[in-house]
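Each chain, written out:
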Amino acid sequence: AVKPKDGKDLPKLVEGLKKLSKSDQLVVCSTEESGEHVIAGCGELHVEICLKDLREEFAQCDFTVSDPVVSYRETVTQQSSQTCLAKSASKHNRLYFTAEPLQEELAQALEDGILGPKVDPKAGAKILSERFGWDKQQAQSKIWCYGPEGDGPNMVVDCTVGAQYLNDIRDSVTSAFQWTTKEGVLCEENLRSVRFNLTEVMLHPDKVHRGAGQISPALRRCCFASELTAKPTLQEPVFLVEISCPKDALSGVYSCLNLRRGCVFEENQREGTPMVQVKAHLPVAESFGFVASLRQATSGQAFPQCVFDHWESLPGNCLEKGSKMEELV
């Protein structure tokens, strides 16, 4: 997050952020609800260069920079232990939901655009039934919506049997689901890899009593409850780090990675050279200052490259009092 040292420079900074996001396709400049201006980039070095450009070229004013922040994702690890019920404010409508995790490959396919709302429904249903073992009818016509932003890796599946007035609430459910998946129940982060099953509905026969104002808040509460009953956890982003270094500097690389929860999974000797290429997974939360400490540990002989690789669930129970996970939440 950036904010100007002098309040009157704020228009300059906002204008500078617009120019910065136009000049670099990989930068995302956004304004939070709290009014903070956030710059998101891919890696420490990239953000550093963006800030330098912003200060010297685009905004041409002085500003303060807060500590870097890592965005997590909320997910569930098992099926809901019970069916959750939420009543609308008028008490005339009832929604029943359960939550369960999606397979990792399925969540990845939704993120990559192999599946989702933009894919032909018949082709998508075929992939779901053949590769992921879904029921054919559910895959074809029972997926109501994806979220967040309409195409994220979460979905609402209609599992009701013979429910009345169901199509009247579909739009309300879709819009409320975007809001629900954008801000989860644990720490208001995006949800990922969660399937919500609508198991039963009881709706008022009069259309006036089942509008969006009644259905949306009830759906949000019900989704949150079903997430909490399905052993929720957080997923952290993990970098794939490729490090090139001479063989005699390997010990420095390993010690540096071990201090930061890094995990080496491949090591290749480059033929005809004394260089070794090491591949490792490194949590993004531990990557701040990694380049500097790696150069220090290897006397500047190692060259790292970081790229986002995958999301990994954190160990521990966030609902347990006093646990490390609860502190993080």
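Residues numbered from 1 in each chain as written. Predicted model: local features only at pLDDT ≥ 70, side-chain atom pairs only at ≥ 80, totals over all residues. Heavy atoms only, no water.

A.B. asks: Whenever I open this one, the overall build of the chain confuses me. Can you help?
C.D. replies: Assigned secondary structure in the chain consists of 10 helices and 14 strands. Dimensions of the chain, computed from the C-alpha atoms along their principal axes, are close to 75 × 55 × 45 Å. Sorting the 329 residues of the chain into buried and exposed places 44% on the buried side. Surface exposure of the chain reaches about 17700 Å², of which carbon and sulfur atoms provide 50%. Positive and negative charge centroids in the chain, built from 36 and 46 side chains respectively, lie 4 Å apart. (Helix = DSSP H or I, 4+ residues; strand = E, 2+ residues; numbered from the N terminus. Buried < 20%, exposed > 50% of the residue type's maximum accessible area, 1.4 Å probe, protein only. Areas by Shrake-Rupley, 256 points an atom, 1.4 Å probe, with all protein chains shown as cover. Lys, Arg positive; Asp, Glu negative; His and termini not counted. Charge placed at Lys NZ, Arg CZ, Asp CG, Glu CD.)

A.B. asks: Help me understand the packing of aromatic side chains, please; the structure alone is not making it clear to me.
C.D. replies: Describing an aromatic ring pair means giving the distance of the ring centres and the angle of the ring planes. Within this structure, the stated rule accounts for two aromatic pairs. Seen from their ring centres, Phe-177 and Phe-196 are 5.7 Å apart, and the 85° between their planes marks the pair as edge-to-face. One end of the pair, Phe-177, is in helix H6 (residues 170-182); the other, Phe-196, is in strand S10 (residues 194-202), with 19 residues separating them in the sequence. Phe-196 carries the same exposure label as Phe-177, and that label is buried. Here the aromatic rings of Phe-308 and Trp-311 are separated by 5.6 Å at their centres, their planes lie at 65°, and the arrangement is edge-to-face. Looking at Phe-308, the relative accessible area reads 44%, which means it is partly exposed. Lying across the ring of Trp-179, Arg-220 places its NZ or CZ 3.9 Å from the centre. (Phe/Tyr/Trp six-rings, centres within 6.5 Å; stacked < 30°, edge-to-face > 60°. Lys NZ or Arg CZ within 6 Å of the ring centre and 35° of its normal.)

A.B. asks: Looking at this structure, I do not really get the confidence of the model for the chain. What am I missing?
C.D. replies: Atom-level detail of predicted coordinates should not be read off regions where pLDDT is low. Per-residue confidence for the chain gives a mean pLDDT of 84, with 97% of residues at or over 70. The least confident element of the chain is helix H10 (residues 324-328), whose mean pLDDT is 69; the most confident is strand S13 (residues 275-283), at 90. (pLDDT = per-residue confidence, 0-100.)

A.B. asks: Please explain the sheet that holds strand S9 (residues 154-158) as it appears in this structure.
C.D. replies: Within a sheet, adjacent strands bond to each other through the backbone by hydrogen bonds, running parallel or antiparallel. With mixed pairing, five strands are arranged side by side in an open sheet as S6-S7-S10-S9-S8. Each of the sheet's edge strands pairs with one partner strand only, and the pair in question is strand S6 (84-87) and strand S8 (143-147). In this sheet, neighbouring strand axes are inclined to one another by 25° on average, regardless of whether the strands run parallel or antiparallel. For strand S7 (residues 94-101) and S10, the ladder comprises eight bridges, and the chain directions are antiparallel. Along S10, the bridge assignment pairs Ala-99 with Phe-196. (Pairing = 2+ DSSP bridges. Axes fitted to C-alpha atoms, helices over the stretch in contact; angles between N-to-C directions.)

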